[in-house]
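# Architecture at a glance
What follows is the residue order along each chain.
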Amino acid sequence: IGELTSLRSLALSANRLTGTVPSAIGELTSLRSLDLSHNRVCKSKADGSATSDDACKYRPDSYVWTGISGMIPAALGELTSLRSLDLSANNLTGTVPALPFGQYREGGCCLGGSSYRYNHFACPLPPHAKDCQFYDDDGNQKPGIVCDK
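Residues numbered from 1 in each chain as written. Predicted model: local features only at pLDDT ≥ 70, side-chain atom pairs only at ≥ 80, totals over all residues. Heavy atoms only, no water.

## Topic: the overall build of the protein
- The number of helices and strands found in the protein is one helix and twelve strands.
- Helices (α) and strands (β) of the protein occur, in sequence order from the N terminus, as β-β-β-β-α-β-β-β-β-β-β-β-β.
- Classification of the 149 residues of the protein by burial places 39% in the buried group.
- In the protein, the proportion of contacts linking residues at least 24 apart, taken out of those at least 6 apart, comes to 53%.
- Of the roughly 7900 Å² of accessible surface on the protein, a fraction of 50% belongs to carbon and sulfur atoms. (Helix = DSSP H or I, 4+ residues; strand = E, 2+ residues; numbered from the N terminus. Buried < 20%, exposed > 50% of the residue type's maximum accessible area, 1.4 Å probe, protein only. Contact = heavy atoms within 4.5 Å. Areas by Shrake-Rupley, 256 points an atom, 1.4 Å probe, with all protein chains shown as cover.)

Written out as structure tokens, the structure reads:
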């Protein structure tokens with residue numbers, strides 16, 4: 001995928017993707033929009049069959065979230081053309097690397113936006129997009145931790 005250097009938009013939302021985000025995405029130097037959202041799927045621990053989201057919410061002893069997992073590669077910070085990033089509703093962990101959103105401002109607000117909601121990111125959440133109109137990090141708080149916005 002890293003050889004697609006003229007690619008401007010990559011939308012892989014709701015495809016039930018699993019595994020990690022490849023660091024080669026950081027080589028997509030023309031990328032303006034990246035949407036990897038909603039690849040999270042609730043599955044039975046017993047047989048791996050997909051089921052409703054409520055099963056994972058209310059019966060975590062028997063069901064588990066799967067989807068895109070692991071940490072976001074630091075190479076995404078190299079995407080200086082990136083204007084919009086949606087990583088919501090996956091199974092991502094760790095910290096969110098510094099991303100170049102801050103350099104794209106118009107009238108004091110970022111162009112595009114970012115969404116990290118419904119993952120398992122650690123605090124502190126990134127300062128780079130918090131002034132943006134469409135910044136969203138709901139659903140990342142771990143028990144006992146509150147991330148400031």
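Continuing now.
## Digging into the sheet that holds strand β3 (residues 41–44)
- Taken in spatial order, the three strands make up an open sheet running β4-β3-β5, and their pairing is antiparallel. Unpaired on one side and paired on the other, β4 (50–51) and β5 (63–66) mark the two borders of the sheet.
- Examined bridge by bridge, β3 and β5 share four bridges and lie antiparallel to one another. Its bridge partner lying in β5, K43 is registered against V64. (Pairing = 2+ DSSP bridges.)

## Quick look at the pairing of β3
- Pairing between β3 and β4: two bridges, direction antiparallel. Bridge pairing in β4 places C42 opposite T51.
- The hairpin turn running from β3 into β4, its antiparallel successor, is five residues long, and G48 in that turn takes a positive phi close to 75 degrees.

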